[in-house]
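Notes for the structure review
Take a look at the letters that make up each chain.
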Amino acid sequence: MPQVTLTEECMRLISQFESLTGAGSRDCIVDNRNERIIFVVNPGDMGLAIGKSGSSIKKASDVMGKRIEVVEYSADPGQFLRNCFLPAQVTGIDFDTNEEDQQVALIEVRDEDRGLAIGKAGKNIFKAKVLAQRQHDIADVQLMQNDTA
């Protein structure tokens, strides 16, 4: 299990997020390119993080001045990756190793969810790659091509 070192900025944002939403968070990523902050919330805290009709996440977003995205942590790498890709439905996950003997996750999604899994300008696959690396030491996340002809 990799040990994630949190920056001061991240610790401050997590503290602010927790006080605004009541949800515990174990990591955050400030993604300036996509004008967002991604929080990895503790298992079972998604409801608190989002709030009734999205009220908590909207309040946090207004206060922090960026869009807020939340991913529920799971100690199981497969489940964690499924959570990263929500609302896209992951239909299969295989783990392999690359030439450097690092773990790689091969993700399969429904054809109609492929665009959602990748996201605008690749931002969703980017989120999954960064979080998988930080939380589970997975070197890369790749979407598999469905060979349905």
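Residues numbered from 1 in each chain as written. Predicted model: local features only at pLDDT ≥ 70, side-chain atom pairs only at ≥ 80, totals over all residues. Heavy atoms only, no water.

- With an unreviewed UniProt entry as reference, the protein is termed Probable transcription termination protein NusA, source organism Methanoculleus nereidis.
- The Sequence similarities (unreviewed entry) comment attached to the protein in UniProt states, word for word, "Belongs to the NusA family."
- Checking UniProt for the protein, the heading Function (unreviewed entry) contains the comment "Participates in transcription termination." (UniProt positions renumbered as here; feature names shortened; annotations may be inferred.)

1. Side note on the overall build of the protein
- Assigned secondary structure in the protein consists of six helices and six strands.
- Relative to a compact globule of 149 residues, whose C-alpha radius of gyration would be 15 Å, the protein shows 16 Å and is just as compact.
- Here the protein has roughly 8,000 Å² of accessible surface; of this, 48% comes from carbon and sulfur atoms.
- Taken together, the 17 basic and 23 acidic charged side chains of the protein have centroids lying 10 Å from each other. (Helix = DSSP H or I, 4+ residues; strand = E, 2+ residues; numbered from the N terminus. Rg over C-alpha atoms; globule rule 2.2 N^0.38 Å. Areas by Shrake-Rupley, 256 points an atom, 1.4 Å probe, with all protein chains shown as cover. Lys, Arg positive; Asp, Glu negative; His and termini not counted. Charge placed at Lys NZ, Arg CZ, Asp CG, Glu CD.)

2. Digging into the sheet that holds strand β5 (residues 103-109)
- Taken together, the three strands give an open sheet; going across it, the order is β4-β5-β6, and neighbouring strands pair in mixed fashion. For this open sheet the edge positions go to β4 (90-97) and β6 (140-143), each flanked by a neighbour on one side alone. Strand after strand, the sheet turns through a mean of 25° between neighbouring axes, direction not considered.
- Contacting β4, β5 and β6, helix α4 (residues 77-85) crosses the sheet at an angle of about 130° to β4. (Pairing = 2+ DSSP bridges. Axes fitted to C-alpha atoms, helices over the stretch in contact; angles between N-to-C directions. Contact = heavy atoms within 4.5 Å.)

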